[in-house]
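Inside the fold
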Amino acid sequence: HDYTKDDIRQMVKDEDVKFLRLMFTDLFGTIKNVEVPITQLEKLLDNKLMFDGSSIEGFVRIEESDMYLYPDLSTWMIFPWSSERGKIARVICEVYTPDGKPFEGDPRNNLIRVLGDMKKAGFTSFNIGPEPEFFLFKMNDKGEPTLHLNDKGSYFDMAPMDLGENCRREIVLTLEEMGFDVEAAHHEVAPGQHEIDFKYADALAAADNIQTFKLVVKTIARKYGLYATFMPKPLSGINGSGMHLNMSLFTDKGNAFFDESGELKLSKDAYYFLGGLLKHARAFTAVCNPIVNSYKRLVPGYEAPVYVAWSGSNRSPLIRIPNARGNSTRLEVRSVDPTANPYLAIASVLEAGLDGLKNKIEPEDSVDRNIYRMDAEERQESHIKNLPDTLHNALKDLAADEVMKGALGPKLYQSFIEAKNLEYDSYRTQVSGWERDQYLEKY
Ligand code: ADP
Ligand code: MG
Ligand code: MG
Ligand code: MG
Ligand code: MG
């Protein structure tokens, strides 16, 4: 929506909004809220609302303590679940420095910057259709999540097997009330696992939508006594949760990936973009799969990709070209999981694709057989590399890739790598139950 300041003032009056929730996203993809009473509305609309950034992850330096929130009025919405004390509206903000410059440590500002580069390269929009998956766990009587799954259903199962169905239906209805165009919602392969797909949008709106989506899912699940988690692999032995990203580039003439006369009806640009994605795939993995647990999902046997390859027919590789053509022509990157900061993840795949376009990077041949049935030698003959197998290795690839440095900008790039290395170190120095089970009595 293209709301004006007056539209906002009118909605505040009509709906009796009492609180404003100002949202932005930190380095780790966590939504940050600053809640202010409605008396601050005029200040907000004038870009004069300040907050202390020094306590926010990735906003570390003391000089960064005074920050301004500039509201993006198009993201204004009133929460359907507002409290008894009056309605709450939220607006997503850009973080600005006191001298009026976009703060480069703000992941959303960074995506806006990369989208600007895309426009200079002649494109009008980068469309993203995400497929986020999540688990619903039961909560105990203290309101804490347990590891008890909410049902024993599986792919496309219907009630009464699927007890999460009512909860999922309310999530969908709430999303629709909030303006989402939900295309599909279904039970996933694993018990307790669900997927909700909403219509693709321009990259910035899509990233905002992903953040709002997670908030809605968690909020509604609680109403049902359930805990929704986007942790990629909460339980070993069953499928993990991913967030496939479907993507396409548009010019003012339409979908730039479609060419009626091209090979597989794909344009030259589609192949170059694909070439860039494949070239930088190992490097963007740390951004798209940013936590230790992400790598427990990227293992063979659970429908998650493990190898850097693409296919026009097969569902197992990292990048799939779905059958749809015309304006729906798209590439689907299947490694991404929902713990990724969507602003950073989308910036990194876009920059990788733009590098492919700029340098005319030809992709390797497609792999249309089941890669999981090939042995290491066959994979080598077909030039198929592995995705990084740990956060540690993924960070090494990220740290060695100049294009990814450009995708995140030097500041976010450096703070991301530093913070994630610390996270990995903290994990590495723990002794796990698995180790004690294996070794304590054996040695
Ligand atoms: P899958 O077959 O992988 O399960 P889904 O049907 O669940 O795929 O999701 C497809 C996603 O792709 C939806 O979010 C849809 O809006 C999106 N999509 C459709 N056309 C485009 C496009 N041109 N660019 C980007 N995303 C698109
Ligand atoms: Mg899907
Ligand atoms: Mg589908
Ligand atoms: Mg799925
Ligand atoms: Mg998919």
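Throughout what follows, the structure given in this document is the object of discussion. The model shown is predicted, which means the values in this text are computed figures rather than measured ones. (Residues numbered from 1 in each chain as written. Chains lettered and ligands numbered in written order. Predicted model: local features only at pLDDT ≥ 70, side-chain atom pairs only at ≥ 80, totals over all residues. Heavy atoms only, no water.)

Examining the environment of Gly301
Tracing the chain through its elements places Gly301 in the loop between helix 8 (294–297) and strand 15 (307–308). Distance from Gly301 to Tyr372, taken between C-alpha atoms, is 8.1 Å for residues 71 residues apart in sequence. (Helix = DSSP H or I, 4+ residues; strand = E, 2+ residues; numbered from the N terminus.)

With respect to the nonpolar core
Phe126, Met247, Leu249, Phe273 and Leu277 are the most contacted members of the largest nonpolar core, which totals 97 residues. It is helix 5 (residues 203–223) that contributes the most residues to this core, 11 residues altogether. Other than its neighbours up to four places away in sequence, Phe273 contacts Phe126, Met247, Leu249, Phe257, Leu331, Val349, Leu350, Gly353, Leu354 and Leu357. In this structure, Phe24, Val36, Met67 and Cys93 belong to the second largest nonpolar core, which totals 24 residues. (Core = buried A, V, L, I, M, F, W, Y, C linked by side-chain atoms within 4.5 Å. Buried < 20%, exposed > 50% of the residue type's maximum accessible area, 1.4 Å probe, protein only. Contact = heavy atoms within 4.5 Å.)

Re the pairing of strand 8 (residues 145–149)
Note that strand 7 (residues 125–139) and strand 8 share two bridges and pair antiparallel. The residue of strand 8 that forms the bridge with Met139 is Pro145. (Pairing = 2+ DSSP bridges.)

Quick word on the pattern of salt bridges
Across all of its chains, the model carries 20 salt bridges by this definition. Put simply, Arg21 and Glu35 hold a salt bridge, and the shortest N to O gap is 3.0 Å. Residue Arg21 is located in strand 1 (residues 17–25), and its partner Glu35 is located in strand 2 (residues 31–37); the two are separated by 14 residues in the primary sequence. The class for Arg21 is buried, based on a relative accessible area of 19%. For Arg369, the salt bridge is made with Glu378, and the minimal N-O distance between the two is 3.2 Å. (Salt bridge = Lys/Arg side-chain N within 4 Å of Asp/Glu carboxyl O.)

Things to note about the packing of aromatic side chains
Enumeration over the complete set of coordinates arrives at 15 aromatic pairs. When the centroid spacing of 6.1 Å and the interplanar angle of 75° are considered together, the rings of Tyr271 and Trp310 count as edge-to-face. Highlighted residues: Tyr271 in helix 6 (residues 268–279) and Trp310 in strand 16 (residues 310–311), separated in sequence by 39 residues. For the pair formed by Tyr271 and Trp310, the shared burial category is buried. Chaining the aromatic ring pairs together yields one cluster made of Phe134, Phe180, Phe198, Phe213 and Phe230. Its end group placed over the ring of Tyr200, Lys199 keeps NZ or CZ at 4.7 Å from the ring centre. (Phe/Tyr/Trp six-rings, centres within 6.5 Å; stacked < 30°, edge-to-face > 60°. Lys NZ or Arg CZ within 6 Å of the ring centre and 35° of its normal.)

Some points on the coordination of the magnesium ion (ligand 5)
Each pair of donors in an ideal four-coordinate tetrahedral metal site encloses 109.5 degrees, whereas pairs in an ideal six-coordinate octahedral site enclose 90 or 180 degrees. Only Glu131 (OE), Glu131 (OE), His244 (ND1) and Glu332 (OE) from the protein coordinate the magnesium ion (ligand 5), and they sit 1.9 to 2.6 Å from it. The motif formed by the donor residues of the magnesium ion (ligand 5), counted along the single chain, is E-x112-H-x87-E. Metal-to-metal, the separation of the magnesium ion (ligand 5) and the magnesium ion (ligand 2) is 4.0 Å; Glu131 coordinates the two. Of this pair, Glu131 sits in strand 7 while His244 sits in strand 13 (residues 243–251), and the two are 113 residues apart along the sequence. Residue classification places Glu131 among the buried residues on the basis of a relative accessible area of 15%. Judged by its relative accessible area of 12%, His244 is buried. (Donors = N, O, S within 2.8 Å, 3.2 Å for Na, K, Ca; no water.)

Focus on the layout of surface pockets
Of the pockets and cavities examined, the largest pocket occupies roughly 730 Å³. Forming the walls of the largest pocket are 37 residues, and the residues nearest its centre are Glu131, Glu195, His244, Arg320 and Glu332. Of all the elements in the fold, those that place two or more residues in the lining of the largest pocket are strand 7, strand 9 (182–187), strand 10 (193–198) and strand 13. A total of six residues in the lining of the largest pocket trace back to one element, the largest contributor, which is strand 7. Considering only residue class, the lining of the largest pocket consists of 10 nonpolar, 14 polar and 13 charged. Its volume calculated, the second largest pocket comes out at about 620 Å³. Together, 26 residues line the second largest pocket, and His1, Met77, Met178, Gly179 and Asn209 are the ones closest to its centre. Counting residues per element, the ones that place at least two in the lining of the second largest pocket are strand 5 (77–78), strand 6 (87–96), strand 11 (201–202) and helix 5. It is helix 5 that provides the largest number of residues to the lining of the second largest pocket, a total of four residues. Residue classes in the lining of the second largest pocket are distributed as 13 nonpolar, five polar and eight charged. (1 Å grid on protein atoms, 1.4 Å probe; cavity = no way out; pocket = protein on both sides within 12 Å on 5 of 7 lines; lining within 4 Å. Points joined across faces, edges and corners; volume = space filled by probe spheres on them. Nonpolar A, V, L, I, M, F, W, Y, C, P; charged D, E, K, R; others polar.)

Quick look at the side chain of Thr75
Topologically, Thr75 is positioned in the loop between strand 4 (66–71) and strand 5. Under the relative-accessibility criterion, Thr75 is labelled buried at 8%. In this structure, Thr75 is in contact with Arg90, Val91, Ile92, Arg108 and Asp208, ignoring residues within four places of it in sequence.

As for the site of ligand 1
Around ligand 1, the structure places 21 residues, and the nearest of them are Asp197, Ser248, Arg320, Asn327 and Glu332. At 3.0 Å, a backbone N or O of Tyr200 approaches an oxygen atom of ligand 1. Within the side chain of Asn246, a nitrogen or oxygen atom sits 3.4 Å from an oxygen atom of ligand 1. Alone, ligand 1 offers 590 Å² of accessible surface; in the complex the protein occludes 85% of this. In this structure, ligand 1 is accommodated by the largest pocket. If you list the elements that add at least two residues to the shell around ligand 1, you get strand 7, strand 10 and strand 13. Here the element with the most residues in the shell around ligand 1 is strand 7; it accounts for four residues. Its residues assigned to classes, the shell around ligand 1 comprises four nonpolar, eight polar and nine charged. (Near = heavy atom within 4 Å. Polar contact = N/O pair within 3.5 Å; in protein donor to acceptor, adjacent residues only side chain to side chain. Areas by Shrake-Rupley, 256 points an atom, 1.4 Å probe, with all protein chains shown as cover. Sits in = over half its atoms within 2 Å of the grid points.)

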